[in-house]
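Analysis of the macromolecular model
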Amino acid sequence: SVRAPAPRPGGGGGRGAPPPVAAMRAAHVSRRPERSASKRPERSFLGSEDYTSIPTSEKEADIMAPAAIAAGKDRPNRLANSQLAAAKAMSYLMRMEAIGYCSVEKESVYGAAVAIPQVARSAGWSTTLTGLAIRSYLFLLFNIFLQTFLLAVICEELHIMYPFSGRIHLCDFGRSVNKCPEGPDCLGPGGTQFSFKRTYSGFDTWATRVFVRDALAQLFPDRVQEINEAADPGEFGLEDYYCRFVCILIFMMGVVEDLKSTWQLFSMLLHVPTEEGTWILYEAPQWDQKERAKAMHGWSELDLVKFKVAGVPLGWKVANVVFVCLPKLYIWWTLTSGGVHFLMETAGIVDLVVNCMALTFVLSIDEMIFSRLLTVASKHIMNNLEDLPLFDTSDVEHEDEDVVLNRFIESEYGSSRWKLFCIVIPRRLVLILILLAMFVCKYYFQYCDAGEDGSLVSKPLFRPESVPYNPLSFMYGLGLSEEADPAWRMPWRSPSAETSMPPANLGG
């Protein structure tokens, strides 16, 4: 033991006397008993057999343990420890994956329109919170208007402006240009054979060339053959058939997250209790004095205010489904359907790559409104809103470690090939591929016909006679009266020359 030296004769103020702090520290050390070897904490990962000799002090154990680890003697213990850690981690994480939480979008006006009114209801509809709740619904309506308007004008381009300009549906024109003229799918919308030098991805370019050729043929009907040779318009078709589907896949990955958030909102309204739950609480620490806990953690009074997902009354559940969930789902369906249609009608490679992600901007307007227009108070409530877990982990918290480890070894190291298969298969990617196939088949069924050679070509084009200013007409082409005669029909014939002139191109 270490003891403080005695002061020199002549008083405690001499230079030989230790200062008060040093004296107190020395006295404390002198009163501390020596730590015996029997009281030294045991090492769970190394037993006495892992040492070349039994350590007689804690210092010797610290020196000798790395040598045992380097020699690999603790490998079985380290493996068991890692397996126990994996068992506990997977018990939590797989429940999070399979069951999940009751949650709302934290950075969207859709989530704010659900959560903030419930916070105001929990606080008894105070003036400030009631104002924030009304603002959240105003921004929700503003967002729905903007998203619906943009979808209407995008679909107006597809259903009204394209037919007025005589633009045919692209379908699979130019798909097999590398196999032409002997292969299938070699007949273009102009009635001539595809070739690389005669394929144009821009419809405006091709339509202008057709117009010039037809105008010259009408002015000089006696020189049609010469005009066909000198003013060959080429054919309208795809630049890359596979690039189109890759871009649609990227587009589907961009929009599927919004579908997932819509489903989570439906799930939250379904699983939370149908009651007047409390979404805002003041939780003072019970394990210590409040002021001491605040000083220890650097908390303020705001940190003791908790916002949590809780029960929702039946009336509010119905209102959230009608005013939040259904409009959100409708906007997603319309954008996805119109976006796939737009990409299927895009022939150029660069246009496909740029447009596949540009279209997803419509679904991010709600987040932009949340970021730019909501108050600091509303953002704080949403950012600190705690989710309600749907899974229970009490059994994991109090389960014996040996039981956990044995169950993990039995379930993970057996011959369960089906479990491995289910984990390897990416379910979200499978969902994306199913949605892609569904919307692409919808496009082909709605706008394309099977040709005489088995290719998919555009259905006959009919121009609208009049266009009522109706969002349903813009989005779905409903209520449009069309001309009796088609402006374009696929000229099924096998021309003898690449530049032979097809009959009635684009309806003239």
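Heads up: these notes are all about the structure in this document. What you see is a predicted model, and the numbers here were worked out from it, not measured in a lab. (Residues numbered from 1 in each chain as written. Predicted model: local features only at pLDDT ≥ 70, side-chain atom pairs only at ≥ 80, totals over all residues. Heavy atoms only, no water.)

**Some thoughts on the overall build of the chain**
- Scanning the chain from N- to C-terminus turns up 18 helices and eleven strands.
- Relative to its full complement of 508 residues, the chain shows a buried share of 40%.
- For the chain, the share of sequence-separated contacts (at least 6 apart) that also reach a separation of at least 24 residues comes to 74%.
- Summed over its atoms, the accessible surface of the chain is roughly 29,100 Å², and 60% of this surface lies on carbon and sulfur atoms. (Helix = DSSP H or I, 4+ residues; strand = E, 2+ residues; numbered from the N terminus. Buried < 20%, exposed > 50% of the residue type's maximum accessible area, 1.4 Å probe, protein only. Contact = heavy atoms within 4.5 Å. Areas by Shrake-Rupley, 256 points an atom, 1.4 Å probe, with all protein chains shown as cover.)

**Quick word on the layout of surface pockets**
- Estimates place the volume of the largest pocket at around 1,300 Å³.
- If you trace the largest pocket, you find 38 residues lining it, with Met96, Glu97, Ala98, Ile99 and Arg427 closest to the centre.
- Of all the secondary structure elements, the ones that give two or more residues to the lining of the largest pocket are helix 3 (75-98), strand 1 (101-102), helix 8 (241-271), helix 15 (401-412), helix 16 (417-424) and helix 17 (427-447).
- It is helix 8 that contributes the most residues to the lining of the largest pocket, nine residues altogether.
- Of the residues that constitute the lining of the largest pocket, the class distribution is 21 nonpolar, seven polar and ten charged. (1 Å grid on protein atoms, 1.4 Å probe; cavity = no way out; pocket = protein on both sides within 12 Å on 5 of 7 lines; lining within 4 Å. Points joined across faces, edges and corners; volume = space filled by probe spheres on them. Nonpolar A, V, L, I, M, F, W, Y, C, P; charged D, E, K, R; others polar.)

**Details of the pattern of salt bridges**
- Inspection of every chain in the model, using the stated rule, returns 16 salt bridges.
- Of the charged contacts in the structure, one is a salt bridge between Glu226 and Arg223, with a shortest N-O distance of 2.9 Å.
- Classification of Arg223 by relative accessible area gives partly exposed; the value is 43%.
- Among the salt bridges present, the one from Lys328 reaches Asp258, with a minimum N-O distance of 3.2 Å. Here the residue Lys328 occupies a position in helix 10 (residues 314-344), and Asp258 occupies one in helix 8, the gap between them amounting to 70 residues. Comparing Lys328 with Asp258 shows no difference in burial state: the two are buried. (Salt bridge = Lys/Arg side-chain N within 4 Å of Asp/Glu carboxyl O.)

**Here's the deal with helix 5 (residues 127-164)**
- Between its first and last C-alpha atoms helix 5 spans 54 Å; for 38 residues at 1.5 Å apiece the expected length is 56 Å, and the two agree.
- If you look at helix 5, its biggest bend is around 35°, right at Glu157.
- Among the residues trailing helix 5, Gly166 stands out with phi positive, at a value near 80°. (Expected span 1.5 Å × (residues − 1). Bend = angle between axes of the 7 residues up to and from the residue.)

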